[in-house]
Amino acid sequence: MKKRVKNNNRSTKNKTDDFDHVIDAAFKLVDERGWKKLLLKDIAEETNLSLSELCKIVSSKSAILIEFQNRTDFHVIDSVSLEGSSYRDRLFEVLMCRFDIFQPYRNPIKKIITEFGCDPLTALLHGPQLFKSMALMLETAGINSSGIKGILRVKGLTFIYIHTLSIWLNDNSPDLSETMASLDRNLTNAERLIVRLGPSKK
């Protein structure tokens, strides 16, 4: 008898679709009522799921933010083409790709960050996820993120990213020119440090 082969690609795709549906619904509600007042049952109602069904997809509000970060990371990795450019140019393209992906969610992201400013503990809980994302962005740009030098690079890129993010939140230019100018300056200032840390290739 011929064995039936499980279609893992299909199950993975369904899981991704579920995450996307929940994430988009959550950010829509954040835009309407803010982050702190948002309940999982509100997201369940918005997605036409029972609370138990929702919790099988995401176990908490924090998990939604982590999945959003993961989804952004994967989109950047799949979207950028960096062959033949310098490390600095690669980092510019990688980070600007993140901001382009964020653009439809700017209002809810701004609300979440503003509320996190009044809740340092919650913000701190997402610190490791941010470092993980920045390490992936370095690797996407062909820069080693491991070892002591890699840790320094991750911390440096995180600082650049956070500073540029603060500009992006209020950048109303149609082409994000203010964000690009800020990122360009920040990477120029950091370029000397990257050189001091030695070769970036693995």
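Just so it is clear, the structure is predicted and the values come from calculations on it, not from any experiment. (Residues numbered from 1 in each chain as written. Predicted model: local features only at pLDDT ≥ 70, side-chain atom pairs only at ≥ 80, totals over all residues. Heavy atoms only, no water.)

Asks: Any chance you could explain helix α6 (residues 106-117) here in plain terms?
Replies: Because each turn of an α-helix spans 3.6 residues, side chains separated by three or four positions end up pointing in the same direction. Relative to the 16 Å expected for 12 residues at 1.5 Å per residue, α6 spans 16 Å between its end C-alpha atoms, a close match to the ideal helical length. Within α6, the full set of buried residues consists of Arg 106, Pro 108, Ile 109, Ile 112, Glu 115 and Phe 116. (Helix = DSSP H or I, 4+ residues; strand = E, 2+ residues; numbered from the N terminus. Expected span 1.5 Å × (residues − 1). Buried < 20%, exposed > 50% of the residue type's maximum accessible area, 1.4 Å probe, protein only.)

Asks: Where do I start with the confidence of the model for the protein in this structure?
Replies: Low-pLDDT portions of the prediction should not be read for the details of their coordinates. Looking at the protein, the pLDDT average stands at 84 and 82% of residues meet or exceed 70. Mean pLDDT in the protein bottoms out at helix α7 (residues 120-125), which sits at 55, and peaks at helix α2 (residues 40-46), which reaches 96. For residues 1-12, every residue scores under 50 in pLDDT, and the model assigns this stretch 0 contacts once sequence neighbours within four places are set aside. (pLDDT = per-residue confidence, 0-100. Contact = heavy atoms within 4.5 Å.)

Asks: Even after reading the chapter, I still don't get the packing of aromatic side chains, so can you show me in this structure?
Replies: The geometry of an aromatic ring pair is captured by two quantities: the separation of the ring centres and the angle between the planes. Scanning the entire structure with this criterion turns up 7 aromatic pairs. Taking the centre distance of 5.4 Å and the plane angle of 70 degrees together, the rings of Phe 27 and Tyr 105 count as edge-to-face. Of this pair, Phe 27 sits in helix α1 (residues 8-33) while Tyr 105 sits in the loop between α5 (87-102) and α6, and the two are 78 residues apart along the sequence. Since its relative accessible area comes to 3%, Phe 27 is described here as buried. Judged by relative accessible area, which is 16%, Tyr 105 ranks as buried. Where Phe 99 meets Tyr 161, the ring centres are 5.7 Å apart and the plane angle is 20 degrees; that geometry is what we call stacked. With Phe 99 in helix α5 and Tyr 161 in helix α9 (residues 147-168), this pair connects stretches of sequence that are 62 residues apart. These aromatic residues form a ring-pair network of at least three members: Phe 27, Phe 68, Phe 99, Phe 102, Tyr 105, Tyr 161 and Trp 168. Note that Lys 61 overlies the ring of Trp 35, its terminal NZ or CZ placed 4.7 Å from the centroid. Note that Arg 106 overlies the ring of Trp 168, its terminal NZ or CZ placed 5.8 Å from the centroid. (Phe/Tyr/Trp six-rings, centres within 6.5 Å; stacked < 30°, edge-to-face > 60°. Lys NZ or Arg CZ within 6 Å of the ring centre and 35° of its normal.)

Asks: Help me out: how do you make sense of the packing of helix α4 (residues 61-79) against helix α8 (residues 127-140) in this one?
Replies: Between α4 and α8, the least distance of the axes is 10 Å, while the angle of their chain directions is 5 degrees. Judged on the interaxial angle alone, α8 and α4 are roughly parallel. Residues Ile 66, Gln 69, Asn 70, Asp 73, Val 76 and Ile 77 of α4 form the contact with α8, whose participating residues are Gln 129, Leu 130, Lys 132, Ser 133, Leu 136, Met 137 and Thr 140. A class-by-class count of the residues in the contact of α4 with α8 yields 6 nonpolar, 5 polar and 2 charged. (Axes fitted to C-alpha atoms, helices over the stretch in contact; angles between N-to-C directions. Parallel < 35°, antiparallel > 145°, perpendicular 65-115°, else oblique. Nonpolar A, V, L, I, M, F, W, Y, C, P; charged D, E, K, R; others polar.)

Asks: Looking at this structure, how should I read the side chain of Asp 73?
Replies: Along the polypeptide, Asp 73 turns up in helix α4. In contact with Asp 73, not counting residues within four places along its chain, are Arg 98, Gln 129, Ser 133, Leu 136 and Met 137.

Asks: What exactly am I supposed to notice about the environment of Met 96 here?
Replies: Assignment of secondary structure puts Met 96 in helix α5. Exposure remark for Met 96: the relative accessible area of 7% places this residue in the buried category. Each C-alpha atom of the pair Met 96 and Leu 183 lies 8.3 Å from the other, and the pair is 87 residues apart in sequence. Not counting residues within four places of it along the chain, the set of residues in contact with Met 96 comprises Leu 176, Thr 179, Met 180 and Leu 183.

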